[in-house]
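# Chains, contacts and geometry: an overview
Spelled out, the chains give:
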Amino acid sequence: MSSLPVAAILPELLQALSAAPQVLLNAPTGAGKSTWLPLQILRQGGISGKIILLEPRRLAARNVAQRLAELLGEKPGETVGYRMRADTCVSDATRLEVVTEGILTRMLQRDPELSGVGLVILDEFHERSLQADLALALLLDVQQGLRDDLRLLIMSATLDNDRLRALLPDAPVIVSEGRAFPVERRYLSLSAHQRFDEAVAAAAAGLLREESGSMLLFLPGVGEIQRVQEQLASRVAADVVLCPLYGALPLSEQRKAILPAAKGARKVVLATNIAETSLTIEGIRLVVDCAQERVARFDARTGLTRLVTQRVSQASMTQRAGRAGRLEPGISLHLIGKEQAERAAAQGDPEILHSDLSGLLMELLQWGCQDPAQLSWLDLPPEANLAAARRLLAQLGAFDGQRLTAVGQKMAALGNDPRLAAMLATAAEADDRATAAKLAAILEEPPRGGSADLGAAFSRNQPNWQQRAKALVQRMKGGAGAPDAGRIAPLLARGFADRIAHRRGQEGRYQLANGMGAMLDADDALGRHEWLIAPLLLQGSQSPDARILLALPLDIDALAADAPQLLSQSDTVEWDEAQGTLKAWRRSRIGQLTVKVQPLAKPSEEELHRAMLNGIRDKGLGVLNWTPEAEQLRLRIARAAQWLPEESWPAVDDAALLAGLEAWLLPQMGGVHSLRALKALNVAQALQSLLPWSLRQRLDSELPTHYTVPTGSRIALRYDADNPPVLAVRMQEMYGEAATPTVACGRVPLVLELLSPAHRPLQVTRDLAAFWAGSYREVQKEMKGRYPKHVWPDDPANTAPTRRTKKYS
């Protein structure tokens, strides 16, 4: 084993670990960094305490632990052990623990000093999983504040060294050249005229016919694996065994895929990117890479995740190709044009930039960190996703705006996804705990395909669900209870109230309590139910509606009785225009879904008025009687806020008026019991109540309703939301006025609409002096001919104004 490539840099690495708190190791696939190096550090590194080796996936963690134990001639659980969800194999003798990422976070939360641990190794860090980024941030915080003796080793085949060096400028970087056999990299663009699964199967079968050895075939997801497997079955020889490999497979099935093929047989492993790193799949000489991957993208607006198929990065293509050169020279066929491959991104996006951050935020709050920016990150968590996480935690009762609530503390201690944790943490009775635990187990590893009926899944006793549920009950420190299907709905509602769904007419289509649309497959029997709760949703890429993956039929009345806290009540008014009557209703809602509607029989005036105000808010201010006087008063107040900002004018936009109905409208509603009476209400008088006496005086003096022209006539001003006020006046009544009148302390000139004796518009101007001196001459000529009995002086600015004709003047 000492001939492994990583052995050459062992002395340098041990020296770096003794001198520096963080060390970066770049070692290609097959160098022995995961399956040999940790033992050498344990033996020779002088590490005081245990070594924790972090692996991103459960299958890799178990295999690495198994391999390390074999090298010692032991079984896992002795010197080398492992911990992962629902499976722990350690003992008092264990000095090297291989753990999955969530387990390390739990260890840190329980014991921030990591007592008894001397070194943490973060393997395959280039994958940049959300949990790995969180682990690094927390470990750096521990080093800075609690454990300056704790050592970190960050290693990968394709480290993004520039980013890590910027974060850890003093960390030594050690590079192992590795020892891979040569891999011939070929490129082939798939035919656009063939289905994807057919084209991939044809390319893979062709390479199998031409070359010897087993094959690793990379595909974006489970659906493609199943379809390509069907296509390959009829294209390969009888000695070729087809083995799927993806994360949702039981570990026993995953192990079948990585074991060597039987003697005389060849193997094709159809895998997602789970097989890019860590796993050694025996006998692989051929790699076919479809150059695609499926990634989860969180939508902060909807709170849902959608799956996106995208081109992999150049780093991933290199990783995939390297799997063909572990044991002998190999061939890697990339199903993409070479030029396209060269244009791919150098590195993949880290998960933290496009993930649901509610779990991460709960971990940070439990850590005592209210502002993620206080920690050291390779990429700071996006604010939009953090805001969505805060909203969800508040909705679950876990977050009060500053810190975790008592319920939030219980949820965080469990270490589950926040929605599942809310369900588990609030299960008080033994049967409820057993039921919640089984539900959580099912939702963590949901059934694939078939019906979306969660009730049917709950009725099955699947071993992995039973094992996980048992572990969760122990974690909740609950007594023995039995799962009760009758308790599923109220328990689910504690974590998924926003995903209660009501059928909306079209087949299989529902509206969720959060306002979004959702749909079932058209042939799913659940579609006959009016109400569902759908804890498992996937944002569709083709439709705005989310796809319901798992749901439970609801008896909505029984749920409302069992969990009344889900309901909110509002009183509203509906008006019958023909009869001029008001009808008051009390609506019970869950989110945006109406559960129950009851008439308010003979409501008191207070109840009726409250319902009326809700009705106005529903329908808008247009239901009130906006007389010209009221409209003009509202405009004057709004313009005063612009032109006289030194005063504190009330806001009179729609939103402000609707929000403040109780302050300005309600006091005027005494005796108003019908729509007809509401329509007769004096809105102008109600609006005036917004203004204290001093502002009323200021408004009347600086933005008056009327202007007194030289003849003494009081003429109404016409205010506008966008333009200066207008004074429409006969021209003769403005004789003797040399300058344009103004309002608002002289800041705003009026627009003068000068009229003929017959009240027809003659001129519009904002500069009266310029008009008298200029274009008035043309108007004068025309008007003398049309209205000879009226006065049309040569010097109107210095002529007495008049309302009369010449014979009366």
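Here the structure is a predicted model, which is why all the values come from computation and not from measurement. (Residues numbered from 1 in each chain as written. Predicted model: local features only at pLDDT ≥ 70, side-chain atom pairs only at ≥ 80, totals over all residues. Heavy atoms only, no water.)

## Notes on helix α2 (residues 37-44)
- Summarising burial for α2: 6 of the 8 residues are buried, a large majority.
- Within the span of α2, buried status applies to L37, P38, L39, Q40, I41 and L42.
- Positioned one or two residues after α2, G46 has a phi angle of 65 degrees, which is positive. (Buried < 20%, exposed > 50% of the residue type's maximum accessible area, 1.4 Å probe, protein only. Helix = DSSP H or I, 4+ residues; strand = E, 2+ residues; numbered from the N terminus.)

## Digging into the sheet that holds strand β30 (residues 751-755)
- Strand order in this open sheet of 5 strands is β25-β26-β27-β30-β31, and the pairing throughout is mixed. Of all strands in the sheet, those with a lone pairing partner are β25 (706-708) and β31 (761-765), marking the two edges. Sheet twist, expressed as the mean angle between neighbouring strand axes with direction ignored, is 30 degrees. (Pairing = 2+ DSSP bridges. Axes fitted to C-alpha atoms, helices over the stretch in contact; angles between N-to-C directions.)

## Quick look at the nonpolar core
- Among the nonpolar cores identified, the biggest contains 95 residues, and L104, V120, L136, L139, L492 and I500 are the most heavily contacted of them.
- In terms of residue count, the dominant contributor to this core is helix α5 (residues 130-145) (10 residues).
- For L136, the residues in contact, after removing those within four places along its chain, are L122, F125, L152, I154, L164, L167 and L378.
- A584, L600, V672 and V779 belong to the second largest nonpolar core, which has 65 residues in total. (Core = buried A, V, L, I, M, F, W, Y, C linked by side-chain atoms within 4.5 Å. Contact = heavy atoms within 4.5 Å.)

## A closer look at the pattern of salt bridges
- Evaluation of the coordinates by the stated rule reveals 41 salt bridges.
- For R730, the salt bridge goes to E733, with nearest N and O atoms at 3.9 Å.
- Members of the salt-bridge network, linked through shared partners, are R58, R85, E444, E445 and R468. (Salt bridge = Lys/Arg side-chain N within 4 Å of Asp/Glu carboxyl O.)

## Describing the side chain of D87
- Mapped onto the elements of the fold, D87 is located in strand β4 (residues 87-89).
- There is a polar contact of 3.5 Å between the side chain of D87 and the side chain of Y82.
- If we skip the residues at most four places from it in the chain, D87 touches R62 and Y82. (Polar contact = N/O pair within 3.5 Å; in protein donor to acceptor, adjacent residues only side chain to side chain.)

## So, the packing of helix α4 (residues 101-110) against helix α12 (residues 358-367)
- Their axes nearest at 10 Å, the elements α4 and α12 cross at an angle of 20 degrees. The orientation of α4 relative to α12 falls into the category roughly parallel. Crossing geometry of α4 relative to α12 is assigned as left-handed. Each of T105, R106, L108 and Q109 in α4 lies in contact with α12, whose residues at this interface are E363, Q366 and W367.
- For the contact of α4 with α12, the residue count by class is 2 nonpolar, 3 polar and 2 charged. (Parallel < 35°, antiparallel > 145°, perpendicular 65-115°, else oblique. Left-handed = near helix turned anticlockwise from the far one by under 90°. Nonpolar A, V, L, I, M, F, W, Y, C, P; charged D, E, K, R; others polar.)

## What about the sheet that holds strand β8 (residues 173-175)?
- Pairing is mixed across the open sheet formed by 8 strands, whose spatial order is β4-β3-β5-β2-β6-β7-β1-β8. Where the open sheet ends on each side, the last strands, each with one partner, are β4 and β8. In this sheet, neighbouring strand axes are inclined to one another by 20 degrees on average, regardless of whether the strands run parallel or antiparallel.
- As paired elements, strand β1 (residues 22-26) and strand β7 (residues 151-156) share 5 bridges and run parallel to each other. Following the sheet pairing, N26 is matched in β7 by S156.

## Topic: the packing of α5 against α12
- Close contact between α5 and α12 brings their axes to 11 Å; oriented N to C, the two are set at 15 degrees. Judged on the interaxial angle alone, α12 and α5 are roughly parallel. As for how α5 packs across α12, the hand of that crossing is right-handed. Within the contact between the two elements, α5 uses L130, L134, L138, D141 and V142 and α12 uses L360, E363, L364 and W367.
- In terms of residue class, the contact of α5 with α12 is made up of 7 nonpolar, no polar and 2 charged.

## A look at the packing of aromatic side chains
- With the rule as written, the count across this model stands at 4 aromatic pairs.
- Between the aromatic rings of F771 and Y776, the centroid separation amounts to 6.0 Å while the plane-to-plane angle is 80 degrees, which identifies the pairing as edge-to-face.
- Aromatic ring contacts, followed pair by pair, group Y735, F771, W772 and Y776 into a single cluster.
- The lysine or arginine in question, K438, covers the ring of F458, its NZ or CZ lying 4.9 Å from the ring centre.
- Above the face of the W626 ring, R634 is positioned so that its terminal group lies 5.1 Å from the ring centre. (Phe/Tyr/Trp six-rings, centres within 6.5 Å; stacked < 30°, edge-to-face > 60°. Lys NZ or Arg CZ within 6 Å of the ring centre and 35° of its normal.)

## Examining the pairing of strand β13 (residues 284-289)
- Within β13, 6 of the 6 residues are buried, which leaves the element mostly enclosed by the surrounding structure.
- Two elements, strand β10 (residues 214-218) and β13, share 5 bridges in a ladder whose sense is parallel. Following the sheet pairing, S214 is matched in β13 by I284.
- Bridge count between β13 and strand β16 (residues 330-334): 4 bridges; the pairing is parallel. Across the sheet, V287 pairs through a bridge with S332, a residue of β16.

## Considerations on the domain arrangement of the protein chain
- One can read the domain layout of the protein chain as domain 1 (5-175), domain 2 (183-352), domain 3 (356-403), domain 4 (622-702) and domain 5 (706-786).
- Between the C-alpha centres of domain 1 and domain 3 there is a distance of 26 Å.
- The interface of domain 1 with domain 3 comprises 20 residues on the first partner and 12 residues on the second.
- Summing both sides of the interface, domain 1 and domain 3 together bury roughly 1,500 Å²; the carbon and sulfur share of this comes to 63%.
- Run the count over domain 1 and domain 3 and you get 2 salt bridges.
- Here E363 makes a salt bridge to R106, at a shortest N to O gap of 2.7 Å.
- Taken together, the links from domain 1 to domain 3 amount to 6 residue pairs in polar contact (both at pLDDT 80 or more).
- When residues of the side of domain 1 that touches domain 3 are traced back to their parent elements, those giving at least two are α4, α5 and α6 (161-167).
- Among the elements that take part in the side of domain 1 that touches domain 3, α5 stands out by supplying 10 residues, more than any other. (Domains from an automatic or database assignment. Buried area = accessible area lost by both parts, 1.4 Å probe.)

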